[in-house]
Structures are given as structure tokens and as C-alpha cells.
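# Overview (structure and organization)
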Amino acid sequence: MASKYQAPRGTFDVLPEQARGRARLERAAADVFGHAGYEPIATPVFEDTDLFERGVGQSTDIVRKEMFTFEDKGGRSLTLRPEGTASICRAYLEHGMQKLAQPVKLFYLGPFFRHERPQAGRYRQFHQLGIECIGTDSPLADAEVIMLLSELLAELGVPGVELRLGSLGSFEARRAYLEDLKAHLHAHEGELSKDVRERIDLNPLRAFDSDDEGTRAVMASAPTIVEQLEGEDAEHFAEVRALLDAAGVAYVVDPTLVRGLDYYTRTIFSFVCDRLGAQSEIGGGGRYDGLIEQLGGPPTPAVGFAAGIERILLALDEEVPAPGRDAFVAIADEAQRQRAMALAIELRHAGISAEVDLAGRGLKGQLKHANRIGARRVLILEADGSAQVRDMETGEQRPADLGNLVGEMKGGGE
Ligand code: AMP
């Protein structure tokens, strides 16, 4: 009978057959990032609401509409984390990581929460993996971070990926540009969607993201910051591009690229996948030179990205088969139960996967079960203490040499 309870809207269960693909992805990420010196970090799934309001930005959709915010029993306002960067910057400051050799290179992975309208590839609890490279403004760091996501997607074999690259300039350049953009939007107010019109002064960059036809027409003639970049900002962006070119990482410069978080400066990027439909972004990120200062720390330049684990898995669309078991230890007589357990443990310690019957089946039932779980060999403990080994592929059965248990169960006593 189906349970009257279901997973909450926008959430899902990861069943064992899905967990295998996830585990492969997580291992690949830990390898790719680990080999580049990024170390794992984990932060709590909830934080003070204020951290995200300051860190993600009051004008963003995330803070305005999407946070799961609640009061705890002590009357504090807490929020389930909608993204990872603000928390990691908080941890960086809280633990004095600015005293370590810079940059500090971190890697994370876990659940995040946004109250969005669920659809394919968009959930209320989803999982991200990401890296942060904190404490350097060098374009080398931007290029490295981009290359690492590119490498991970290539390593996993994600098809149809395109990298889009942009730059927002430094904080000051961005501020000057935003004035130009606001002027353009105000001059065309009547042609804009209500949502964009209401946020001209709050978050004009989001107008580039609009699906509204009128807004899109206005944006086609809007000034872009990429064409206005000057001095060190222009040099920084040119250097990032040169490094990607030299590494053979393909990209398109997209002057209209914006991201849903307020904290970005200079480089921004987005990896999209043509297999994903409406929610086509696999991952993205950029430089956030002002964020740590914004959170009360010293000026600390940084760059990073986050990628959606479910989006990567959707793009891969593959099933990872269950691993076969090496061995099953069956009993022909109840008196052999404890011995069966002891032998299975011995096999496991030797690195051989081994199971015993936990459901009180008769011998026939045990053999059927061993077959069902894909055990390659079954050890059958007889009532008189002797044992048989059965090869499940050939059906061949012969007396087993328990003095060479591991060899017997591995592949024929070699
Ligand atoms: P963001 O933190 O908004 O820059 O998002 C980074 C990545 O996380 C996106 O490219 C998506 O792959 C993934 N992502 C963001 N929001 C969701 C969501 N609601 N459901 C599933 N994946 C998401």
C-alpha cells in the first residue's frame, strides 16, 4: 500500500540506483579538484538570515523570494542555505584563514534550498558542488577555476556543453556602468515588463535575463559592460581569455551574461548544456572581490563556481549498473549460521564483497537470492562442517578448501 506521506514538493529521494551515478560524480569531482590542491570544506545547512541578505544581496530573486527562513526557539532568524559562497566566506573569516598562505583553495558539495517553482532541473532542495579560490586577484585563479569545471564536465563525459564568459569590471567600473544602463532602461520604461521596470534602480542587470519580448528588444540596444571595460579591468579580462586560449578551453564572450547573485565583479561565466531544455545552466560563477569585505572582513579578492549536481546527472542521462557481489555464504543447516557470518566477515576483511542470508531462507531460497544479487560464487556450509563452492555462472559445484577461503571465493584457489 502506498504511504500517505510523500516527499515535500520540489524535493526527491535519491534511490540506490540513482545514488550510484551520484557517487561516481562525487568521486570524479573530489579527484579533479583534489589534484589541483582544493581541499574539502563543509558548512552548516542553515546560517543567520543576515549572512545571506548581506552576502547574496537584497535585490536578488534569491533573497527577495526564494529563501526558506524560519525562527528558531531562541527567536533567531535562520535560513536554509540557498548557495555556498557566503557561508564559505563566513567560515574563512571566522577561522582566520586570511592568516594562511593565500589563496585558500576549497571544495564543497551538499544540499541547497530555494523556494522556486519546481520543474525539470529545478528543485527546492538540490545539490551543488563548487570550489572557491580565496585571496588572490590574479587572472590565473579565474582561469584555473574555469578550467577545473571544464575538466570535470569533460571527465564525466557531459555532452553538448558551451562555456559563456563575461566581465562586469571592478566594483567602481560596474557602478559607473550601472548608471548608464539605468539611464537606458528609464529612457525605454514603457517598453519594459513590469518586473524589470520595478527593479530598474534595484537590479538593472537582471533585465538582460528577461524572457519578455519588449524587454529583450530594449536590451538589444543596451550598453554592455564588456565593451566599456578599461585599464586594469580590460587587462584582467584579456589575460583570463589568453589563459583559456592557451589551455585550449573553448568559450564564447557573452556581453549580456549576468548572474543571479549581487556579489560578482570582473569575470563571470556560465556553462550551459543543450540537452537540458529550459533550465540549461549546468554551473557558473565568477569573481567576487568585494564579498568578504561586505561581510566585515579585510578586502579579499576571490573567485569560484557552483554547479548543479542534478543538472549534470540529467545531462549525462546514464544508468550505472549495480556492482556484482563476489560471494555469498549459504548454509545447508541452521547450525552453521554463526560460522557463515564469521567466514563472510573474513572475506570482507580480505576485500571480497560477501553476504549471508538475513531472512531465514532455506538452501534453495538462499541460492536463488545469491543469483538475484549477482553473487559470482556461493560457499555452501554443509551440516557436517564440510563446504562446497558453487560457481554461479557455470553452475559447477565442488568441495571447497576452507584453508584457502579467500582464494576459493576469488577465483578457483589460485
Ligand atoms: P547559482 O548558485 O544560482 O549560481 O547556481 C549554480 C548552479 O546550481 C546552476 O547552474 C544550476 O546548475 C544549479 N541550481 C541552481 N538553482 C537550482 C535549483 N533550484 N534546482 C536545481 N539546480 C539548481
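Up top is the structure.
Definitions and limits used
- Residues numbered from 1 in each chain as written.
- Predicted model: local features only at pLDDT ≥ 70, side-chain atom pairs only at ≥ 80, totals over all residues.
- Heavy atoms only, no water.
- Buried < 20%, exposed > 50% of the residue type's maximum accessible area, 1.4 Å probe, protein only.
- Helix = DSSP H or I, 4+ residues; strand = E, 2+ residues; numbered from the N terminus.
- Pairing = 2+ DSSP bridges.
- Salt bridge = Lys/Arg side-chain N within 4 Å of Asp/Glu carboxyl O.

## Here's the deal with the pairing of strand β5 (residues 104-113)
Across the 10 residues that make up β5, a large majority, seven, are buried. Note: strand β1 (residues 39-40) against β5, two bridges, orientation parallel. Looking at β5, one finds that Pro40 is bridged to Phe107. In this sheet, strand β6 (residues 125-134) lies alongside β5 in antiparallel orientation, the contact comprising 10 bridges. When the bridges of β6 are listed, Tyr108 appears paired with Gly130.

## A few points about the pairing of strand β7 (residues 161-167)
In terms of strand pairing, β7 meets strand β9 (residues 265-273) through seven bridges, oriented antiparallel. Among the inter-strand pairings, Leu163 is bridged to a residue of β9, identified as Phe271. Sheet analysis places β7 next to strand β8 (residues 252-253), joined by two bridges and oriented parallel. Residue Arg164 lies in a different strand from β8, and its bridge partner there is Val252.

## Thoughts on the pattern of salt bridges
Evaluated as defined, the whole model comprises 25 salt bridges. Arg266 serves as the salt-bridge partner of Asp233, at 2.8 Å between the closest nitrogen and oxygen. One end of the pair, Asp233, is in helix α9 (residues 231-246); the other, Arg266, is in strand β9, and 33 residues separate them in sequence. Here Glu355 makes a salt bridge to Arg325, at a shortest N to O gap of 2.4 Å. Placement of Glu355 in strand β13 (residues 354-356) and of Arg325 in the loop between α11 (309-316) and β12 (327-331) is noted, with a sequence separation of 30 residues between them. Judged by its relative accessible area of 28%, Arg325 is partly exposed. Here the residues in one salt-bridge network are Asp61, Lys65, Asp195 and Arg199, joined through shared partners.

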